[in-house]
Each structure stands twice: as structure tokens, then as C-alpha cells.
Amino acid sequence: MKPLLQALKGNILSPPPVWFMRQAGRYLPEYREVRSRAGSFLDLCKTPELAEKVTLQPVHRFGMDGAILFSDILVVAEALGQKLWFEEGTGPRLEALDSADDLNRLTTRHFHEHLHPVYQTLERLQESVPATVTRIGFAGAPWTVASYMIEGGSSRDFLKSRLWAYRDPNSFARLIELLVDVTSDYLVHQVSAGAEAVQLFDSWAGIWPEAEFRRWSLEPCRRIIERVHESYPEVPVIYFPRGAGVLYEACAVESGAQALSLDSSVPLRWARDVLQPHVTLQGNLDPACLVAGGRAMESAAESLLRMLDEGPFIFNLGHGIDKTTPPEHVTELMEIIRGKSAQAPT
């Protein structure tokens, strides 16, 4: 069995398998070359041969154990009929939802037709990903995708989205329910097309108090994971409730996920003692540490290995690779992981 899949099944490997969120991207010169030929960022996502190429770039350069599909969480919003574009220096922009009436603009009529290029990319990856490397699909969690759809892009405090949920929970629930349905179906289709594991990104989960966290973040994700497992019981799901803090414990126990991806703020000793008995842990090196490199990166990586590699563990970052990361730092980190893990002190 592939190393990453072994870890997701609860096996302990030394050295642990490794991949990085956002591992294909602007920090790589070969990515920037392909991106310059693709047109827009969305054109790159929607062109299977190019999306395949950039998915494979970090695998070939660094020897990652996972190849995560190159796409974006907001293609789901676009597939529902919401206008989506990317602005240089700003990021994703959408035609914002302003009221319950705007939900009527959303439609599932051409959902899978719109996402067909994603499935084609995964089909191509079945042939091109190295035999020991796990193909990873992904989607955004309902709350995170809903927040972009309502705000019209990213936000510092998601006030518009939170006010909608508090003032009109019934219509907000309609949007979340729709996203639960289509995201479940989307992930099932990804597995059918060749994904061997999937990750659910709830990047803004930590914005909520506990009751709302459970209602709008954890419970929708639990239902998506359940539906994926109804169709594919053996396919592992990685859940990333970024910023969940102590509520990571509820995610470990209640979500049904095989692995939890930890953000960089999660204390390692607590994660080892409280979370790792329930799930495989993935994470959680600070991406800024990877940018810095040197002794800071080496020390942080060794601490991660020392604390977590006696249980099921996948080495990753606490969020995506920063675009300013020197590629040689990634090479050095891979050497630290693979060269020192087995000898890491307990």
C-alpha cells in the first residue's frame, strides 16, 4: 500500500509520508512558466493537461508522497451559477449573494458538466502519478465556500456572512444544505475519476463560537464525510477545520474523518495526547518557517517529528505554502524529514 494511504489507515511509518498544502504554485518557477501560457488562473484549473502538469511538478521535484489535484475550492460556487473571477494581487472575486432571494440564482442544472475538466484531470493523473504516490482530491467545506459566496471574496471578519446566519438562520441553512449536497456529490465524483483520498478544507472554521461552529462547520462536514463513505467506505477523508482550537477534539471524535489536518497554532503535546489516539494527524509546520529556512525550520521540523511520529502522522504545513518560499528550502525540509525522522529522539 502507498505510504500516505498506510498512514491514513492508522499505520505508523518512519519516516512519515509528506505532502504540502498548495504545493503546486507560484513559488515554483516551472509553475509560473505554465501559468504564463494558460491565460487566467481559472483557465489553468479548467485545462486538464495543464492542471495535470502543475499537479505533478512538486511530486517530480521534491518526491512528495501525495499529489493533490490542482484546482480551487470556488469552482463549486461557479458550477452553481455564481460568477467567479480572479484579480491579480487581490485573489478570488464573486458576484456576492446579498439576500435569501439571491439563492434563487443558484442552480445544479449543469453542475457536473461544469466540473468535467476537474474529473478529466484526475483521470489523467491515474496514468501519470508515480506508483507510490497517492492521488488526493479536495473540496471546500460548506461554511468556507458560503462565506466567499456571500462576501464576494475573502474577508477579515466575515461579518456579512455571520450576520446572515444570525439574522436569518433558515435561509442560511438553505445555502449550507445546498453546499452539503453538491460537495458530497463532487467528492464522490472525484473518487470515481481517480482520487484515492480527499481533503475537506474549512479554512475559516475558527471564526465561530462553539455552538455555531458545530452547526455551520462541524455538522455539515460530518455529513459530507458520511456520504463519501456511503459510496466509498475505504476512501480516507482528511478534515482541516483551521482555527478550531480545542474544538479539534470534537472534530477528531465526531467528524468521521480518518485524519485531521492541524493549523500551526495547535500545541503538539496536546495534539499527541488528545487527538492522535482517535485519528491520523497531519501538519503543522508554520509556512513562514519554511520561508525562513535555516535553523528555525530545522528545529521546528525536528520538534514535529519528535512529538508526533510515534503515532499515525503525515508531515505537512499548518496552511498552504507561501508564494515567497524558496524552493531550495522545500528540498532541505524533505531531507530533514526523510533523513532524520527514524533517528528522531523520543
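The protein chain has the name Uroporphyrinogen decarboxylase in an unreviewed UniProt entry, where Fodinicurvata halophila is given as its organism. We quote the UniProt Subunit (unreviewed entry) comment for the protein chain here in full: "Homodimer." Its UniProt record gives the protein chain a comment under Pathway (unreviewed entry), which states: "Porphyrin-containing compound metabolism; protoporphyrin-IX biosynthesis; coproporphyrinogen-III from 5-aminolevulinate: step 4/4."

### As for the nonpolar core
Membership of the largest hydrophobic core comes to 129 residues, with the highest contact counts inside it found for Phe20 and Phe315. Tallying contributions element by element places helix H10 (residues 169–193) first for this core, with 11 residues. In contact with Phe20, not counting residues within four places along its chain, are Met64, Phe315, Asn316, Leu317, Ile321, Val330, Leu333 and Met334.

### Concerning the UniProt feature "site: Transition state stabilizer" (unreviewed entry) in the protein chain
Mapped onto the present numbering, the UniProt feature "site: Transition state stabilizer" (unreviewed entry) falls on Asp72. With relative accessibility at 16%, the residue Asp72 sits in the buried group. When sequence neighbours within four positions are dropped, the list of residues in contact with Asp72 reads Phe41, Cys45, Phe86 and Phe138. At a separation of 2.9 Å, a polar atom in the side chain of Asp72 contacts the main-chain amide nitrogen of Leu74.

### Comments concerning the packing of helix H7 (residues 116–128) against H10
Two elements in contact, H7 and H10, have axes whose closest approach is 8 Å; the angle formed by their N-to-C orientations is 30 degrees. For the element pair H7 / H10, the angle class is roughly parallel. Regarding H7 and H10, the two cross each other, and that crossing is right-handed. Taking contact as the criterion, the partners of Val118, Tyr119, Leu122, Glu123 and Gln126 in H7 are, on H10, Tyr186, His189, Gln190 and Ala193.

### So, the pattern of salt bridges
Throughout the structure, instances matching the rule amount to 20 salt bridges. A salt bridge links Asp102 to Arg105; the shortest N-O distance between them is 3.5 Å. Given the relative accessible area of 15%, Asp102 is considered buried. Residue classification places Arg105 among the partly exposed residues on the basis of a relative accessible area of 35%. The partner of Glu210 in a salt bridge is Arg214, with the nearest N and O atoms 3.4 Å apart. Taken as a pair, Glu210 and Arg214 lie in helix H11 (residues 210–231) at a separation of four residues, close to a single helical turn.

### Re the sheet that holds strand S1 (residues 66–68)
Strand order in this open sheet of seven strands is S1-S4-S5-S6-S7-S8-S9, and the pairing throughout is parallel. Two strands close off the open sheet at either side, each with one partner strand: S1 and strand S9 (313–317). Each strand of the sheet is rotated relative to its neighbour by a mean of 25 degrees, with strand direction disregarded.

### Describing the UniProt feature "binding site: substrate" (unreviewed entry) in the protein chain
The UniProt entry lists Arg22, Gln23, Ala24, Gly25, Arg26, Asp72, Tyr148, Ser203 and His319 under the feature "binding site: substrate" (unreviewed entry), expressed in the numbering used here. Taking relative accessible area as the criterion, Arg22 reaches 48% and is therefore assigned partly exposed. Discounting chain neighbours no more than four positions away, the residues touching Arg22 are Tyr27, His319, Gly320 and Ile321. Mapped onto the elements of the fold, Asp72 is located in the loop between S1 and helix H5 (75–79).

### Observations concerning the packing of helix H4 (residues 48–62) against H7
Where H4 meets H7, the closest approach of the two axes is 9 Å, and the angle between their N-to-C directions is 50 degrees. Relative to H7, the element H4 is oriented oblique. The element H4 and its partner H7 pack so that their crossing is right-handed. Contact residues: Pro48, Glu49, Ala51, Glu52, Thr55 and Leu56 in H4; Pro117, Gln120, Thr121, Arg124, Leu125 and Ser128 in H7.

### Re the side chain of Ser155
Its location among the elements puts Ser155 in the loop between helix H8 (142–151) and helix H9 (159–167). At 2.8 Å, the side chain of Ser155 and the backbone nitrogen of Phe158 are in polar contact.

### Focus: the pairing of strand S5 (residues 197–202)
Most of S5 is tucked away, with six of its six residues classed as buried. Side chains Ala197, Gln199 and Phe201 of S5 all project onto a buried face; the interleaved residues Val198, Leu200 and Asp202 project onto the opposite face, where all are buried too. Pairing of strand S4 (residues 134–140) with S5 involves five bridges; the strand directions are parallel. When the sheet's bridge partners are listed, Ala139 is paired in S5 with Leu200.

### Considerations on unusual backbone geometry
A cis amide bond, omega 0 degrees, links Ser14 with the succeeding residue Pro15. Residue placement: Pro15 occurs in the loop between helix H1 (3–8) and helix H2 (29–38). The step from Gly283 to Asn284 runs through a cis peptide bond, and the omega angle for that step is -20 degrees. Despite not being glycine, Arg22 shows a phi value in the positive range, around 60 degrees. For Arg22, the location among the structural elements is in the loop between H1 and H2. Notably, Phe158 is not glycine yet its phi reads approximately 55 degrees, a positive angle. Within the secondary structure, Phe158 is located in the loop between H8 and H9. Accessibility expressed as a relative area gives 3% for Phe158, which makes it buried.

Rules used in this analysis
- Residues numbered from 1 in each chain as written.
- Predicted model: local features only at pLDDT ≥ 70, side-chain atom pairs only at ≥ 80, totals over all residues.
- Heavy atoms only, no water.
- UniProt positions renumbered as here; feature names shortened; annotations may be inferred.
- Core = buried A, V, L, I, M, F, W, Y, C linked by side-chain atoms within 4.5 Å.
- Buried < 20%, exposed > 50% of the residue type's maximum accessible area, 1.4 Å probe, protein only.
- Helix = DSSP H or I, 4+ residues; strand = E, 2+ residues; numbered from the N terminus.
- Contact = heavy atoms within 4.5 Å.
- Polar contact = N/O pair within 3.5 Å; in protein donor to acceptor, adjacent residues only side chain to side chain.
- Axes fitted to C-alpha atoms, helices over the stretch in contact; angles between N-to-C directions.
- Parallel < 35°, antiparallel > 145°, perpendicular 65-115°, else oblique.
- Left-handed = near helix turned anticlockwise from the far one by under 90°.
- Salt bridge = Lys/Arg side-chain N within 4 Å of Asp/Glu carboxyl O.
- Pairing = 2+ DSSP bridges.

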